[in-house]
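# Breakdown of the fold
Chain by chain, the residues:
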Amino acid sequence: MTLARRALFLGGLFAAPGLAAMLIADGRPPSRPWVVAHRGASAYAPENTVPAFLLAAEQGATFVEFDIQRTTDGALVLLHDTTLERTTDVEEVFPDRGRRVQVKGEWRTQWSLADFTLAEVRRLDAGRWFDARFAGTRVPTFAETIAAVKGRTGLFIELKAPELYPGIEAEILAALKTAGLDRPWSDPKTPVLLQSFTVDSLRTLASLKTPLPIHLLFGPAEAARWTSEAGLAEARTFVTGLSPDKAVVAADPGLVARAHARDMPVTPYTFRASKAPGAVDVREEMRAALAGGIDGVITDNPDRVPR
């Protein structure tokens, strides 16, 4: 193996597409397997909030995974849904701001994040819905999140519905540069990785020539496209790794070896504990998945990952 290829492989996802010859000089990637806390330690604290991220760091997460979107006045904030009603008290604070929309043939009222300013979002409680102990928790901005977790754990950043927010890719990269996190593994305590389900957004990131690792998220419906040799070759032109649904890997155990042959790490989602009768123990589920050669797990339960 040449020095350049060894550097690329050890980098985990190495240089971004278009910069494949560039060696990673900033530092080494974190040891694998990676423990990626899905929206933070979201089994125990409200998702996409600072308390969930700090708890994940305490539980030994390599990264906290979170979703970035944008308010109507241009602030980058953390939210999974494109609407606010599931994880905040927006219906109480702004009862007249909802819009009637039809979803799968059903009419409902939704409060779209894109209709609200940052100042308005800051008025919302993002913790009480989960547990009264978290009442008063706010929707964090991207900058606040970086400030809270830098030096404690890494950032596994999902661009959520980026087609709704033109230019958000460059804005995220600019924020990372301001924080000194725009180079691969430049801060060994705060590694950074970008991912999305939206292929056009990932191609945009690649075109911006970020050297940061980029992962393609996809589920079973897209597996046929991306898991073939041709699909992996196409994906490797704009991403450096894969984050498939865990069901995709379970159905196609050979995917990991095929991806690794292209220097593409594989980090499936989402492993979570369940109290449902007959449910598989999440620790054993993750143990079996890791034995299959995956590079990390995206999980709501970072404390349950076999070490």
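The sections below set out a description of the structure shown in this document. Bear in mind the structure is a predicted one, so any value in this text is a computation, not a measurement. (Residues numbered from 1 in each chain as written. Predicted model: local features only at pLDDT ≥ 70, side-chain atom pairs only at ≥ 80, totals over all residues. Heavy atoms only, no water.)

### A short note on the pattern of salt bridges
For the structure shown, the criterion picks out 22 salt bridges. Notably, a salt bridge pairs D81 with R86, separated by 2.7 Å at the nearest N-O pair. The partner of D115 in a salt bridge is R99, with the nearest N and O atoms 3.1 Å apart. A residue pair is termed long-range when its members are at least 10 positions apart, and D115 in the loop between strand 5 (106-110) and helix 4 (118-121) and R99 in strand 4 (residues 99-103) qualify at 16 residues. For D115, a relative accessible area of 24% translates into the label partly exposed. (Salt bridge = Lys/Arg side-chain N within 4 Å of Asp/Glu carboxyl O. Helix = DSSP H or I, 4+ residues; strand = E, 2+ residues; numbered from the N terminus. Buried < 20%, exposed > 50% of the residue type's maximum accessible area, 1.4 Å probe, protein only.)

### Remarks on the packing of aromatic side chains
Note on aromatic pairs: each is described by the distance of the centres and the angle between the planes. Evaluation of the coordinates by the stated rule reveals 10 aromatic pairs. Relative to F156, the ring of F63 has its centre 5.0 Å away and its plane inclined at 75°; by these criteria the two rings are edge-to-face. Within this pair, whereas F63 is found in strand 2 (residues 63-70), its partner F156 is found in strand 6 (residues 154-159), the two being separated by 93 residues in sequence. No difference in accessibility class separates F63 from F156, as the two residues are buried. One aromatic cluster in this structure is built from W34, F63, F156 and W185. The cationic tip of R97 hangs over the ring face of F94; the distance from NZ or CZ to the ring centre is 5.4 Å. The lysine or arginine in question, R97, covers the ring of F116, its NZ or CZ lying 4.3 Å from the ring centre. (Phe/Tyr/Trp six-rings, centres within 6.5 Å; stacked < 30°, edge-to-face > 60°. Lys NZ or Arg CZ within 6 Å of the ring centre and 35° of its normal.)

### Describing the layout of surface pockets
Taken as a whole, the largest pocket holds about 200 Å³ of empty space. Residue lining of the largest pocket: 13 residues in total, with K246, V249, A250, A288 and A289 positioned closest to the centre. Of all the secondary structure elements, the ones that give two or more residues to the lining of the largest pocket are helix 10 (246-251) and helix 12 (282-291). No other element matches helix 10, which puts four residues into the lining of the largest pocket. Partitioning the lining of the largest pocket into residue classes produces 10 nonpolar, one polar and two charged. (1 Å grid on protein atoms, 1.4 Å probe; cavity = no way out; pocket = protein on both sides within 12 Å on 5 of 7 lines; lining within 4 Å. Points joined across faces, edges and corners; volume = space filled by probe spheres on them. Nonpolar A, V, L, I, M, F, W, Y, C, P; charged D, E, K, R; others polar.)

### Points about empty space enclosed by the protein
Taken as a whole and judged by the stated rule, the model has one cavity of 30 Å³ or more. Computed from the structure, the largest cavity encloses a volume of approximately 80 Å³. Taken together, 13 residues make up the lining of the largest cavity; nearest its centre are E47, N48, L78, L79 and T87. Residues belonging to the lining of the largest cavity are distributed by class as follows: five nonpolar, five polar and three charged.

### Remarks on unusual backbone geometry
In terms of backbone geometry, most residues other than glycine have negative phi values and most peptide bonds are trans. Look at the link from R32 to P33: it is a cis peptide, with omega at 5°. Examined against the element boundaries, P33 turns out to sit in the loop between helix 1 (3-10) and strand 1 (34-38). Here Y269 and T270 are connected by a cis peptide whose omega angle stands at -25°. Tracing the backbone through its elements, the reader meets T270 in the loop between helix 11 (255-260) and helix 12. For W185, which is not glycine, the phi dihedral falls at a positive 55°. Turning to its location among the elements, W185 is positioned in the loop between helix 6 (168-178) and strand 7 (192-196).

### Some words on the side chain of T267
Within the element layout of this structure, T267 appears in the loop between helix 11 and helix 12. A relative accessible area of 0% means that T267 is categorised as buried. For T267, the side chain forms a polar contact with the side chain of H215, separated by 3.2 Å. (Polar contact = N/O pair within 3.5 Å; in protein donor to acceptor, adjacent residues only side chain to side chain.)

Purely geometric numbers; function is a separate question.
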